[in-house]
Amino acid sequence: MHRLFVAIRPPADQRAALITLQGGVEAARWQDDEQLHITLRFIGEVDRHRANDIADALSAIRFTPFDIRFDGVGRFDRKGVVDTLWAGVQPRDPLERLHRKVDRACVAMGLPPEGRAYLPHVTLARFGRTGGFVDPFLARHAGFVGAPFRVDGFTLYQSHLGNAGALYEAVSHYPATAAA
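All of the points below concern the structure found in this document. (Residues numbered from 1 in each chain as written. Predicted model: local features only at pLDDT ≥ 70, side-chain atom pairs only at ≥ 80, totals over all residues. Heavy atoms only, no water.)

## Overview of the nonpolar core
Burial of nonpolar side chains together is a common tendency in soluble globular proteins.
Next up, step 1: One finds Leu18, Ile38, Leu40, Ile43, Leu58 and Phe154 to be the most contacted residues of the largest nonpolar core, which totals 48 residues.
Next up, step 2: Beyond its immediate stretch of four places on either side in the chain, Leu18 contacts Leu36, Phe70, Ala87, Val122, Leu124 and Phe144. (Core = buried A, V, L, I, M, F, W, Y, C linked by side-chain atoms within 4.5 Å. Buried < 20%, exposed > 50% of the residue type's maximum accessible area, 1.4 Å probe, protein only. Contact = heavy atoms within 4.5 Å.)

What follows is the structure, given as structure tokens:
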């Protein structure tokens, strides 16, 4: 089985800027450089045949390059407990359009449509069941804005879960095209 997701890998200078935000939150499991990405669609576990079909379907997606930047920080809660710290992305519209194209390609390959609202972000830290006190972190970095960068493609990744966390392997890269 292959555990897959589709994502955008920010450039090294922007990942470095995100790394500088990390720290000062007890119980946070900070993401390392190799884990920083903007998820377009989580696919989950699929067999080799379906993985190949998904990879082929993604190659038919057309979009023009666009610019985005990191903007602000936030948190996700699960059952009232902080689960994730993240950096937001602006503008959202081009990412949402690309997300919908990726989602439609996955649905065409027999996967269920994405069930939750899409909020473009990069996960900075995860927490265990007890969460963490994140208010000072959120206040300290509320004005965080990264430099604009060009999105000129996206990547299909395979996630390998292990004791040290998830390791991500790029499976296929899909460049932007001139005609959307």
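## Focus on helix H3 (residues 93–108)
Next up, step 1: For H3, spanning 16 residues, the distance from its first C-alpha to its last is 23 Å, which sits close to the expected 22 Å at 1.5 Å a residue.
Next up, step 2: For H3, every residue scored as buried is listed here: Pro94, Leu95, Leu98, His99, Val102, Asp103, Ala105 and Cys106.
Next up, step 3: At the exit of H3 stands Gly110, carrying a positive phi of roughly 95°. (Helix = DSSP H or I, 4+ residues; strand = E, 2+ residues; numbered from the N terminus. Expected span 1.5 Å × (residues − 1).)

## Some thoughts on the packing of aromatic side chains
Next up, step 1: Taken as a whole and judged by the stated rule, the model has eight aromatic pairs.
Next up, step 2: An angle of 75° between the planes, with centres 5.0 Å apart, marks the rings of Phe5 and Tyr168 as edge-to-face. Linking Phe5 in strand E1 (residues 2–8) with Tyr168 in strand E9 (residues 165–175), this pair joins segments that are 163 residues apart in sequence.
Next up, step 3: Ring geometry for Phe70 against Phe149: centres 5.4 Å apart, planes inclined by 45°, an arrangement best described as tilted. Of this pair, Phe70 sits in strand E4 (residues 66–78) while Phe149 sits in strand E7 (residues 149–151), and the two are 79 residues apart along the sequence.
Next up, step 4: Looking at Phe70, the relative accessible area reads 0%, which means it is buried.
Next up, step 5: Take Phe149: its relative accessible area is 6%, and that puts it in the buried class.
Next up, step 6: Aromatic ring contacts, followed pair by pair, group Phe63, Phe66, Phe154 and Tyr174 into a single cluster. (Phe/Tyr/Trp six-rings, centres within 6.5 Å; stacked < 30°, edge-to-face > 60°.)

## A word on the layout of surface pockets
Next up, step 1: Here the largest pocket defines a volume of roughly 1000 Å³.
Next up, step 2: Surrounding the largest pocket, 32 residues form its lining, Thr39, Arg116, His121, Thr123 and Arg126 being those nearest its centre.
Next up, step 3: Mapped onto the lining of the largest pocket, the elements with two or more residues apiece are E1, strand E2 (29–30), strand E3 (38–46), E4, strand E5 (81–90), strand E6 (121–126), strand E8 (153–162) and E9.
Next up, step 4: Counted by class, the lining of the largest pocket contains 13 nonpolar, 10 polar and nine charged residues. (1 Å grid on protein atoms, 1.4 Å probe; cavity = no way out; pocket = protein on both sides within 12 Å on 5 of 7 lines; lining within 4 Å. Points joined across faces, edges and corners; volume = space filled by probe spheres on them. Nonpolar A, V, L, I, M, F, W, Y, C, P; charged D, E, K, R; others polar.)

## Observations concerning the environment of Ile61
Next up, step 1: Mapped onto the elements, Ile61 comes out in the loop between helix H2 (48–58) and E4.
Next up, step 2: Considered as a pair, Ile61 and Asp103 are 42 residues apart in the sequence and their alpha carbons are 11 Å apart.
Next up, step 3: What Ile61 contacts, discounting residues up to four positions off in sequence, is Leu98, Lys101, Val102, Ala105 and Phe154.

## With respect to the environment of Gly128
Next up, step 1: As for its position among the elements, Gly128 is in the loop between E6 and helix H4 (135–140).
Next up, step 2: With a relative accessible area of 37%, Gly128 lands in the partly exposed category.
Next up, step 3: Each C-alpha atom, one on Gly128 and one on Arg104, is 33 Å from the other, the two residues being 24 residues apart in sequence.

## Side note on the pairing of E4
Next up, step 1: When E4 meets E7, the two strands line up antiparallel, connected through three bridges. The residue of E7 that forms the bridge with Phe66 is Val151.
Next up, step 2: When E4 meets E5, the two strands line up antiparallel, connected through eight bridges. What sits directly across from Phe70, in E5, is Val89. (Pairing = 2+ DSSP bridges.)

## Describing the pattern of salt bridges
Next up, step 1: For the structure shown, the criterion picks out 11 salt bridges.
Next up, step 2: Across the pair Arg9 and Glu34 runs a salt bridge whose closest N-O atoms are separated by 3.9 Å. Residue Arg9 is found in the loop between E1 and helix H1 (12–21), and its partner Glu34 is found in the loop between E2 and E3; the two are separated by 25 residues along the sequence.
Next up, step 3: Residue Arg9 is classed as partly exposed on the basis of its relative accessible area of 27%.
Next up, step 4: Glu34 gets classed as exposed once you look at its relative accessible area, which sits at 56%. (Salt bridge = Lys/Arg side-chain N within 4 Å of Asp/Glu carboxyl O.)

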